[in-house]
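Overview (structure and organization)
Now for the letters of each chain:
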Amino acid sequence: MIKISDLSFYYSDSAEPALSDVSLKIKPGEFVLVAGSSGSGKSSLCRCLNGLIPHFYGGRIKGEVVVCEKNVFETPTKVLAEYVGVVFQDPENQLLMSEVEREIAFGLENLCYPPNIINKRVEEALDSVGISHIRHRHPTELSGGEKQKTAIASSLVLNPQVLVLDEPTSELDPKSAEDVINVLERLNCDLGLTIVLVEHRLDRVVHHVDRIIALDKGRVILDGHPKKILADPRFKSLGVGLPPIVSLANTIRNRGFRLDAIPLTVREGRRMFSGFFQESRRIELTDKIDRGEIKVDFRDVSYTYPNDAVALRKVSLGFYAGEFVAVMGRNASGKTSLIKHINGLLKPTGGCVLVSGRDTRKADVSKLAEMVGYVFQNPNVHLFADTVEEEVRYILENRNVSEEVICSKTDSVLGLFGLTDKKDSYPRSLSGGERQRVALASVIVAEPDILVLDEPTRGMDYASKSFLMDFLNNYRRSGKVIVLVSHDIESVAGYVDRVVLLSEGKVVADGPRRDVFSNALLFSPQINRLVQGYKHYNVQDNILTALEAEQVIFSEKE
Amino acid sequence: MMDPIFPPKDSMYHRLNPLCMMLWSLSVVVAALVFDNPVYLTLLFTATVLVAIYAKVFRGWMSYMKYCIWLCMLIMLLNPFFSHHGTHILYVFPFNVPLIGRPEISLEAIAYGAGMSLRLLTIMSAFASLLYTVNPDDLLDSLTRFRLFPKSTYVTSLAFRFMPALIRDSDTLTEVQESRGIRLNSGNMIQRVKARIPVIFPLLSNSLDRAVQVSEAMESRAFGCNSKRTFYKNPAIGGLEYTILFLSVLTVLAAACIRYVGFGSYNYYPSLEPITFTFEEIPYIIVFTILVFSIIPLAQINSRGLR
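Note that the structure is predicted; figures quoted are calculated from it, not measured. (Residues numbered from 1 in each chain as written. Chains lettered and ligands numbered in written order. Predicted model: local features only at pLDDT ≥ 70, side-chain atom pairs only at ≥ 80, totals over all residues. Heavy atoms only, no water.)

Regarding its fold elements, chain A presents 22 helices and 20 strands. Compactness check: chain A gives a C-alpha radius of gyration of 25 Å against a globular reference of 24 Å for 558 residues, within 12% of the reference. Considering only C-alpha atoms, chain A reaches an extent of 70 × 60 × 50 Å along its principal axes. When burial is assessed residue by residue, chain A has 61% of its 558 residues classed as buried. Sequence separation of at least 24 residues holds for 66% of the intrachain contacts in chain A that already meet a minimum separation of 6. (Helix = DSSP H or I, 4+ residues; strand = E, 2+ residues; numbered from the N terminus. Rg over C-alpha atoms; globule rule 2.2 N^0.38 Å. Buried < 20%, exposed > 50% of the residue type's maximum accessible area, 1.4 Å probe, protein only. Contact = heavy atoms within 4.5 Å.)

Across its full length, chain B carries ten helices and two strands. Listing the helices and strands of chain B from first to last along the sequence gives α-α-α-β-β-α-α-α-α-α-α-α. In chain B, which comprises 307 residues, the proportion classed as buried is 46%. Within chain B, counting contacts between residues at least 6 apart in sequence, those at least 24 apart form 76% of the total. Each charge sign in chain B was given a centre, from 25 positive and 19 negative side chains, and these centres are 6 Å apart. (Lys, Arg positive; Asp, Glu negative; His and termini not counted. Charge placed at Lys NZ, Arg CZ, Asp CG, Glu CD.)

Our next topic: the environment of B:Glu175. Along the chain, the position of B:Glu175 falls in helix α6 (residues 150-179). Accessibility expressed as a relative area gives 15% for B:Glu175, which makes it buried. Separated by 78 residues in the primary sequence, B:Glu175 and B:Val97 have C-alpha atoms spaced 40 Å apart. Among all residues touching B:Glu175, those that are not within four sequence positions of it are A:Lys340, A:Leu345 and A:Phe376. At a separation of 2.9 Å, a polar atom in the side chain of B:Glu175 contacts the side chain of A:Lys340. (Polar contact = N/O pair within 3.5 Å; in protein donor to acceptor, adjacent residues only side chain to side chain.)

Attention shifts here to the sheet that holds strand β18 (residues 481-485) of chain A. Residue and element names in this part refer to chain A. Here we have six strands laid out as an open sheet, ordered β16-β17-β18-β13-β19-β20, and mixed in their pairing. Since the sheet does not close on itself, it has two edges, and those belong to β16 (372-375) and β20 (506-512), each with one partner. Geometrically, the sheet is characterised by an average inter-axis angle of 15 degrees between neighbouring strands, direction not taken into account. Contacts from helix α17 (residues 432-444) reach β16 and β17 (450-454) within the one sheet, and its direction differs from that of β16 by about 165 degrees. Each of β13 (324-328), β17 and β18 is contacted by helix α18 (residues 462-476), which is oriented at about 150 degrees to β18, the strand it contacts most. (Pairing = 2+ DSSP bridges. Axes fitted to C-alpha atoms, helices over the stretch in contact; angles between N-to-C directions.)

Time to look at helix α15 (residues 388-397) of chain A. Taken across its ten residues, α15(A) has seven buried, putting it largely inside the fold. Within the sequence span of α15(A), burial applies to A:Val388, A:Glu391, A:Val392, A:Arg393, A:Tyr394, A:Ile395 and A:Leu396. Buried residues along α15(A) sit in contact with α16 (403-416) and α17 of chain A together with α6 and α7 (189-220) of chain B.

Glancing now at the pattern of salt bridges. Residue and element names in this part refer to chain A. Under the criterion given, the structure shown has 47 salt bridges over all chains. A salt bridge links Glu30 to Arg211; the nearest nitrogen and oxygen atoms lie 3.0 Å apart. With Glu30 in the loop between β2 (19-26) and β3 (31-35) and Arg211 in strand β9 (residues 211-216), this pair connects stretches of sequence that are 181 residues apart. Arg211 is the partner of Asp223 in a salt bridge, and the nearest nitrogen-oxygen pair spans 2.8 Å. (Salt bridge = Lys/Arg side-chain N within 4 Å of Asp/Glu carboxyl O.)

Turning our eyes to something else, we now look at the side chain of A:Ser366. Within the fold, A:Ser366 resides in helix α14 (residues 365-368). Separated by 2.4 Å, the side chains of A:Ser366 and A:Asp364 make a polar contact. A distance of 3.3 Å separates polar atoms of two side chains, one belonging to A:Ser366 and the other to B:Arg183. For A:Ser366, the contacting residues outside a window of four places in its chain are B:Glu178, B:Gly181 and B:Arg183.

It is worth spelling out the domain arrangement of chain B at this point. Residues and elements named next belong to chain B. Examined at the domain level, chain B breaks down into domain 1 (18-134 + 236-303) and domain 2 (142-220). Each of domain 1 and domain 2 was reduced to a C-alpha centroid, and the two centroids are 32 Å apart. Each side of the interface is counted separately: domain 1 has four residues, and domain 2 has four residues. Roughly 260 Å² of surface becomes buried between domain 1 and domain 2 when both sides are summed, with 88% attributable to carbon and sulfur atoms. It is Leu19, Met22 and Leu131 that lose the most area in domain 1 upon contact with domain 2, and together they represent 86% of the buried surface on that side. Across the contact surface, domain 1 and domain 2 share zero salt bridges. (Domains from an automatic or database assignment. Buried area = accessible area lost by both parts, 1.4 Å probe.)

On the side of chain B, 59 residues touch chain A, which itself brings 67 residues to the contact. As a salt-bridge pair, A:Arg47 and B:Glu216 come within 3.4 Å of each other at their nearest N and O atoms. One can count 28 residue pairs in polar contact (both at pLDDT 80 or more) joining chain A with chain B. Of all the secondary structure elements, the ones that give two or more residues to the side of chain A that touches chain B are α3 (77-80), α4 (100-110), α5 (115-129), α14, β16 and α15 of chain A. The dominant element in the side of chain A that touches chain B, judged by the number of residues it contributes, is α4(A), at nine residues. Residues that form the side of chain A that touches chain B fall into these classes: 31 nonpolar, 19 polar and 17 charged. (Nonpolar A, V, L, I, M, F, W, Y, C, P; charged D, E, K, R; others polar.)

This next bit is on the domain arrangement of chain A. For interface size, the figure often reported is the accessible area lost on association. Residues and elements named next belong to chain A. Taken domain by domain, chain A comprises domain 1 (2-232), domain 2 (245-278 + 529-555) and domain 3 (323-346 + 364-517). Listed by partner, the interface residues are eleven residues for domain 1 and ten residues for domain 3. Put simply, domain 1 and domain 3 have one salt bridge between them. A salt bridge links Asp488 to Arg201; its shortest N-O distance comes to 3.5 Å. Seen at the junction of domain 1 and domain 3, the total is two residue pairs in polar contact (both at pLDDT 80 or more). Its residues assigned to classes, the side of domain 1 that touches domain 3 comprises two nonpolar, four polar and five charged.

All names here are of chain A. Spatially, β6-β7-β8-β3-β9-β10 is the arrangement adopted by the six strands of the open sheet, whose pairing is mixed. Either end of the sheet is taken by a strand with one partner, and the two such strands are β6 (84-87) and β10 (219-224). Averaged over all pairs of adjacent strands, the angle between strand axes in this sheet comes to 15 degrees, irrespective of strand direction. Bridging between strand β7 (residues 162-166) and strand β8 (residues 194-198) involves five bridges; their strand directions are parallel.

This brings us to the pairing of strand β1 (residues 2-11) of chain A. Residue and element names in this part refer to chain A. Taken together, the eight bridges between β1 and strand β4 (residues 59-67) define a ladder with antiparallel strand orientation. Opposite Ser5, over in β4, you have Glu64 as the bridge partner. Direction of pairing for β1 relative to β2: antiparallel, over a ladder of five bridges. Considered in β2, the bridge of Lys3 is made with Lys25.

All names here are of chain A. Counting buried positions over the five residues of β8 gives five, a clear majority of the element. Along β8, one buried face is formed by Thr194, Val196 and Val198 and the opposite face, lined by Ile195 and Leu197, is buried too. Remark: the β7/helix α7 (residues 174-191)/β8 crossover connection has right-handed handedness. (Right-handed = clockwise from strand over helix to strand, strands pointing away.)

All names here are of chain A. One can find Tyr475 in helix α18. Separated by 26 residues in sequence, Tyr475 and Asp449 have C-alpha atoms that sit 9.8 Å apart. If we skip the residues at most four places from it in the chain, Tyr475 touches Ile444, Glu447, Pro448, Leu451, Lys480 and Ile482.

With that settled, the discussion passes to the side chain of B:Arg210. Relative to the assigned elements, B:Arg210 resides in helix α7. Residue B:Arg210 is classed as buried on the basis of its relative accessible area of 11%. Once residues within four sequence positions are removed from consideration, B:Arg210 is found in contact with A:Asn93, B:Phe162, B:Ala165, B:Leu166 and B:Asp169.

All names here are of chain B. One can describe the packing of helix α8 (residues 239-260) onto helix α9 (residues 281-293) by two numbers: an axis separation of 9 Å at closest approach and a directional angle of 155 degrees. Classified by the angle their axes make, α8 and α9 are roughly antiparallel. Viewed along their axes, α8 and α9 form a crossing whose handedness is left-handed. In this structure, α8 contributes Leu247, Leu250, Thr251, Ala254, Ala255, Cys257 and Ile258 to the contact, and α9 contributes Tyr284, Phe288, Leu291 and Val292. In the contact of α8 with α9, the residues fall into ten nonpolar, one polar and no charged. (Parallel < 35°, antiparallel > 145°, perpendicular 65-115°, else oblique. Left-handed = near helix turned anticlockwise from the far one by under 90°.)

Written out as structure tokens, the structure reads:
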């Protein structure tokens, strides 16, 4: 189906290869996961499969790519569209029309299919991804998951033999991501469609795929069955985050114990780890929280947007000095509305918010900004200057700080974030992880007492995520408050002190992470879901991470 | 979630063939340019308001028109300062203003500003009614079917499609700067422009990124594969819709005819003319009114399936 031979590619403005001597074959009906850290060449590989490289992106290329017996280098992308469907990362920018069903019909119209065939195919595509109920909606009325399903249907309608998806879930909340992955699995099983998927969150997909291809610096490092690849120590060294139960399995094996295979699901894990937990004993797993004075005080806060959408309903809670809090909940539950009240971007329509004792209704955002740093989800919105250094020092330049202090603080923060070498670079030309660090540095340089972050880990690779969470954990130790909005349970489970769970604008759970995450049906980390099945062995049910599970299993033996 | 600029609605006008609304709006615009007489302009404006009301898009239409109303007020305010042809002087400034001398505010100049504003409002209202009743994709299809500016219409359609995203980007970038403690709306003009740079540059960069991604998506879905294309939706066109098209053409011809026979004009200077109608003019007004307003009953009949 796909044959790639000695493929190397350099983008026109780069001396480093995006892809280097890549050779591989993909059989019809395979479900292949392409994994690797940011900048490893995953997206470039996807672009080679439908001819965007070299027809759309210029550069130096050698080797050969044959897809469905078409030489990609000799066949224009618009012709390959009938053989290879592509779904991109950003769900917003790939929808071109103002109605879902027209969006789906767009490709067929371009290929001059007669209306009766278009009608039939559109109906099939709508049904195959289960979106016929939203067929008349405008793209701006769709959730992220619905947008991606629309994009998948728009590709499917051309009846391609291969579907290529470049991080299709990175912009989605967990539920929408799960929905999209389930659609892919169904298409693979029911239609025999060959699927090539790029994805950072391996825990979402490894149990669905037949094969993992791991890339590093444009080269194929590993290629094989998921169970084989996940057990290979080289895979972890690529900076790819392993699913927690896979990490636990690898640790058990590394300690010299025998496991038949690497588990990919909680069900498999329960069976394989049963003996280990049976012999474990309970250990103390409580989190010591040293919290100081109250810094942010929400008192019966309600907020209604001008279009009458109610975002918050009588929310009362406090954030304390030295506390690391995760604000979680499904989409449109009020998370972003809540944190926008901390720096006064939104003023309550009922109740009040006190930030270090100051009522935000009476305070200007610029005054609150001296206490509250706010990091937006997309790092690009922070970046406007010509160099990284200018970007970082900008906030201080607007605060009547002496040049000497600006220079010293800027240098210090650039060093802290490993950006000293990049200080003269154009911020937008950096990699995704580096851009996120510049965005964070441009806020941290002002040393805010309260740091608010809106889903900063969305779409991040494992290495960038680990760096961010480690940094935040250290930052709060100096008495600062961290309020982090996130969907990523696995990332926050190992770091935060407290979790606030919102639903429909109300606080439905607020407490130490171990209380909120333990014994939940879905709203719990993978390891906790695993140990919930060992209650009959009297295994404690407040284990959240692979590291804690390891401590529990091996405490007796040690 | 952001409201789309053109939210899908279901009304008799939305169910019409897009060509009907296009040609009717065009006929109103042409007629508004042909007439000076405020009575004729008021008739045209009223027709566009009624269409917006019956099409259930009055709220959206109003949100668009409120900017035009501000613009019209500005015109009415400024025109007396620059136009000194009126004979009824209401106020004479006690001092000289550089470039325009000593302004004399005359009744005629205010009335002329109001008349021109009414013309502008009518034209903008016709466009607003069109934009809120016809899906931009239908407009695109209609123009592409006739091979009228195919590439330009795609660009326009995409611009409308991504307008909400652009507004959202702009709002977010403004919030980013406010969160950094930057006061975007304080200081003198130079300070304000300087404060806006961190909003404008990323907005442009994001738009360029978006343009590349949109192009990738279009290329990947065979855009431009053939010089022709087919259409998923083939809007029906029946007898009543042909009638609306015919009457729209007739509206333009009637406007030209009325002006040709010497009606429909109005002189603001040197003194306001009294607004009176001769016995000969009344049949012309009645016929013109019937033509302009005919879309309302015809669309209603059309929506009931009585083609």
